[in-house]
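Inside the fold
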Amino acid sequence: MEKYIGKSVYKGTAIGPVSVLKKKDSLVKRIHIDNTEEELKRLDAAKERTMTQLGQLYEKALQEVGEVNAAIFEVHQMMLEDDDYQDAIHSMIQNEEVNAEYAVASTGDNFAQMFASMEDDYMRARSADVKDISERVLSVLGGRTAGMAASEEPMIIVADDLAPSETVQLNKDLVLSFVTVHGSVNSHTAILARTMSIPALIGTDIPLTDAIDGKLGIVDGRNGCIYVDPDEDTLSKMQQLKQEEQEKKELLQTLKGRENITIDGKKIMLYANIGNSKDLAAVLQNDAGGIGLFRSEFLYL
């Protein structure tokens, strides 16, 4: 049995086979281009195709994880059309007479590093978004299919990190947990895990090798760790814990519609916090008595 420590972004217990997702690092070659105008047309065509793909991802995410989480792909479309980003790519093609792939890869790396060096945690997390956008444009330019292979069984996904487009393309019914080596509490992976109510770990010191791929894993979101190939005692304890968690969820469902009264007979109101009107569906579903805090700054942002 091996135990690896990470930072929990959603508590809970998941038990199932580990699936290691490895990304192939595609080396982008610098190629001299004689006809820069044709290369710019090729770039613009790839940009339009990428915009279409992002629109399709938005629609898919809208159905599966709601409008708030789907909005990331509208942000990606805006980032893709950003003047500074586009001007940097165009200038490199025109001034250095290089291929569009090299210009996109270089600009994407530069912008990602710029975000990664910012002090604000949220802005640092946007570094992954820039990389995701650039990789999608590169896939279109190279005629490749972006995304990951489909799974046929429930699994614990282990990866270096997961881009927003990768998480959305996963079959949510077959994802038991997310475990990543990198990432942040503001990453799309972490947000999606909380939305889906599944345990997830980030910053985990786990090796992405075939040695753990396919083996039984246990994600302990309460203590922030993952067990690979657990011994019988650990497996038995975690199965019991998972059963208790399920029973607790079912018990909470039976309390819906009942008055909130303490043991000593005092009646109280349980309120929920929201960020926009779309959150009201979850508030009603969970039988809250009202709104405790409305994050009105999100409307301005």
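Cut-offs applied
- Residues numbered from 1 in each chain as written.
- Predicted model: local features only at pLDDT ≥ 70, side-chain atom pairs only at ≥ 80, totals over all residues.
- Heavy atoms only, no water.
- 1 Å grid on protein atoms, 1.4 Å probe; cavity = no way out; pocket = protein on both sides within 12 Å on 5 of 7 lines; lining within 4 Å.
- Points joined across faces, edges and corners; volume = space filled by probe spheres on them.
- Helix = DSSP H or I, 4+ residues; strand = E, 2+ residues; numbered from the N terminus.
- Nonpolar A, V, L, I, M, F, W, Y, C, P; charged D, E, K, R; others polar.
- Pairing = 2+ DSSP bridges.
- Axes fitted to C-alpha atoms, helices over the stretch in contact; angles between N-to-C directions.
- Contact = heavy atoms within 4.5 Å.
- Salt bridge = Lys/Arg side-chain N within 4 Å of Asp/Glu carboxyl O.
- Buried < 20%, exposed > 50% of the residue type's maximum accessible area, 1.4 Å probe, protein only.

Bringing empty space enclosed by the protein into the picture now. Applying the stated criterion across every chain, the model contains one cavity of 30 Å³ or more. By volume, the largest cavity amounts to about 30 Å³. The wall of the largest cavity is formed by Leu43, Lys47, Leu80, Tyr85, Gln86, Ile89, Val104 and Val137. Going through the elements one at a time, helix H1 (36–80) and helix H2 (83–96) are the ones with two or more residues in the lining of the largest cavity. Split into classes, the residues belonging to the lining of the largest cavity amount to six nonpolar, one polar and one charged.

The strand order across the open sheet formed by eight strands is E1-E8-E7-E3-E4-E5-E6-E2, and the pairing between neighbours is mixed. The open sheet has two edge strands, strand E1 (2–5) and strand E2 (7–10), and neither has a second partner. Strand-to-strand twist of the sheet, defined as the mean angle between neighbouring strand axes without regard to direction, takes the value 30 degrees. Here four bridges tie E1 to strand E8 (residues 225–228), and the two strands are oriented antiparallel to one another. In the sheet register, Ile5 faces E8, and the bridge partner there is Cys225. Of the strands in this sheet, E2, strand E5 (175–180) and strand E6 (200–202) touch helix H7 (residues 188–196), which is tilted by about 155 degrees from E5. The strands that helix H8 (residues 232–254) touches are strand E3 (13–21), strand E7 (216–220) and E8; relative to E3, the one it contacts most, it runs at about 115 degrees.

Before going further, it helps to examine the pattern of salt bridges. Counted under the stated rule, the structure contains eight salt bridges. For Glu96, the salt bridge goes to Arg30, with nearest N and O atoms at 3.1 Å. You can see Glu96 sitting in helix H2 and its partner Arg30 sitting in the loop between E3 and H1, a full 66 residues away along the chain. Classification of Glu96 as partly exposed rests on a relative accessible area of 39%. Put simply, Glu39, Arg42 and Glu101 are held in one network by salt bridges that share partners.

Mapped onto the fold, Leu43 is located in helix H1. Residues Leu43 and Ile93 lie 50 residues apart in sequence; the distance between their C-alpha atoms is 9.7 Å. With sequence-adjacent residues up to four places away left out, Leu43 is seen in contact with Ile89, His90, Ile93, Ala100, Val104 and Leu141.

In short, shape yes, function no, at least from these values alone.
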